[in-house]
Amino acid sequence: MIKKLLFAVMLAFPMLLSAQTLKVGLVDLNTVMAAMPEMTQAQTKLQDVQKKYQDEAQKLEDEMKRLYDEFQSMPDTELPAIKERKARELQDYQQKMQNFEQSAMQDLQKMQNELMAPIVAKINQAVESVGKEGAYSLIQVKEPQLTLYYANPVVDITNDVKAKLGIK
C-alpha cells in the first residue's frame, strides 16, 4: 500500500512541477506615452514643422488664387496664345501645390517615425524588464475597446512600467 502511494506521488510530482500558472500583465501604452517628457518634446517638434508646412502651403494657395484671379480678369479680346500660357501656368502651379503637399506629408510621417522610434524602444525595454522581474508569461497592451473581460491572475503593470521609466 505504501509502495503504491509512493509510486503515485512519484508519478504525480513531475506533473505538478510542470503545471505552472500563467501570469499575464496588461500595460496601457497610451498612458505611458502621454506621461513621457520625450513624447511631449516629439509632439512639439512635429507641431512646429507642421506649422511651417502649413504656412508655406498657404503662401502657395495665395499665389494660386492670384494667378487664377489674373486669368479670370483677362479681357475676352486677349490673344489666344497668352490665354493658353496663363492656363498652362495655372495647371503647372496646381501640380506644384500637389507635389508640395505630398512631399510635406511624407516628410512629416518620416519625422514622426524617427522621433517615435527611440520612445517606443525605451517603452519596450521597460516592459520587457518589468516582465522579466515580475516573471510574467505574457504582457499584452491594455485596450479597453478590445478587452472584453480580465480578472486575476491578470495584473495591470502600467504603473510598474512608468516607474521603470522614471515617470509618474
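To be clear, the structure that these remarks concern was listed above.
Our subject in this report is the structure included herewith.

Here is what the cut-offs are and how they apply
- Numbering of residues starts from 1 in each chain and follows the order in which that chain's sequence is written.
- The predicted origin of the model limits local features to residues at a pLDDT of at least 70 and limits the giving and counting of side-chain atom pairs to 80 or more, whereas totals for whole chains, interfaces and linings rest on all residues.
- Hydrogens are left out, water is left out, and the side-chain values use all remaining heavy atoms of the structure.
- Think of it this way: any DSSP run of H or I at least four residues long counts as a helix, any run of E at least two long counts as a strand, and we number them from the N terminus.
- Here's how the labels work: a residue is buried when its accessible area is under 20% of the maximum for its type, exposed when over 50%, partly exposed in between, all with a 1.4 Å probe on protein chains only.
- With residues, only the protein chains shown are counted as cover, and all accessible areas are computed by Shrake-Rupley using a 1.4 Å probe.
- The working definition used for a salt bridge is a side-chain nitrogen of Lys or Arg within 4 Å of a carboxyl oxygen of Asp or Glu.
- What the arc describes is the spread of directions from the helix axis to the C-beta atoms.
- Here the rule is simple: two strands pair whenever DSSP picks up at least two bridges between them.

A look at the overall build of the chain
For step 1, the next point in the chain: On a plain count of helices and strands, the chain comes out with 5 helices and 3 strands.
For step 2, the next point in the chain: In the chain, the succession of α and β elements from N to C terminus is α-β-α-α-α-β-β-α.
For step 3, the next point in the chain: When each of the 168 residues of the chain is scored for burial, the buried share is 23%.
For step 4, the next point in the chain: If you sum the accessible surface of the chain, you get close to 12800 Å²; carbon and sulfur atoms cover 57% of it.

Topic: the pattern of salt bridges
For step 1, the next point in the chain: Across all of its chains, the model carries 10 salt bridges by this definition.
For step 2, the next point in the chain: Note that Lys-65 is salt-bridged to Asp-69, the shortest N-O span being 3.1 Å. Of this pair, Lys-65 and Asp-69 are both found in helix 3 (residues 37-72), 4 residues apart, which corresponds to roughly one turn of the helix.
For step 3, the next point in the chain: Looking at Lys-65, the relative accessible area reads 51%, which means it is exposed.
For step 4, the next point in the chain: Lys-132 serves as the salt-bridge partner of Glu-128, at 3.0 Å between the closest nitrogen and oxygen. A residue pair is termed a helical-turn pair when its members lie 3 or 4 positions apart in one helix, as Glu-128 and Lys-132 do in helix 4 (residues 80-133) at 4 residues.
For step 5, the next point in the chain: Assessed through its relative accessible area of 62%, Lys-132 is described here as exposed.
For step 6, the next point in the chain: One network of salt bridges, in which partners are shared, links Glu-63, Arg-66, Glu-70 and Lys-86.

Brief notes about helix 5 (residues 158-165)
For step 1, the next point in the chain: The complete set of buried residues in helix 5 reads Thr-158, Val-161, Lys-162 and Leu-165. Looking down the long axis of helix 5, one finds its buried residues gathered within 100° of arc, a one-sided arrangement. Turned more than 90 degrees away from the buried face of helix 5 sit Asn-159 and Ala-163, all of them exposed.
For step 2, the next point in the chain: Gly-166, located one to two residues past helix 5, shows a positive phi value of around 80°.

Examining the pairing of strand 1 (residues 24-27)
For step 1, the next point in the chain: Burial of the side chains of strand 1 extends over both faces: Val-24 and Leu-26 are buried on one face and Gly-25 and Val-27 on the other.
For step 2, the next point in the chain: Judged from the 4 bridges that link them, strand 1 and strand 2 (residues 138-141) form a sheet pairing that is parallel. Across the sheet, Leu-26 pairs through a bridge with Gln-140, a residue of strand 2.
For step 3, the next point in the chain: Across 2 bridges, the pairing between strand 1 and strand 3 (residues 155-156) is parallel.

Purely geometric stuff here, so don't read any function into it on its own.
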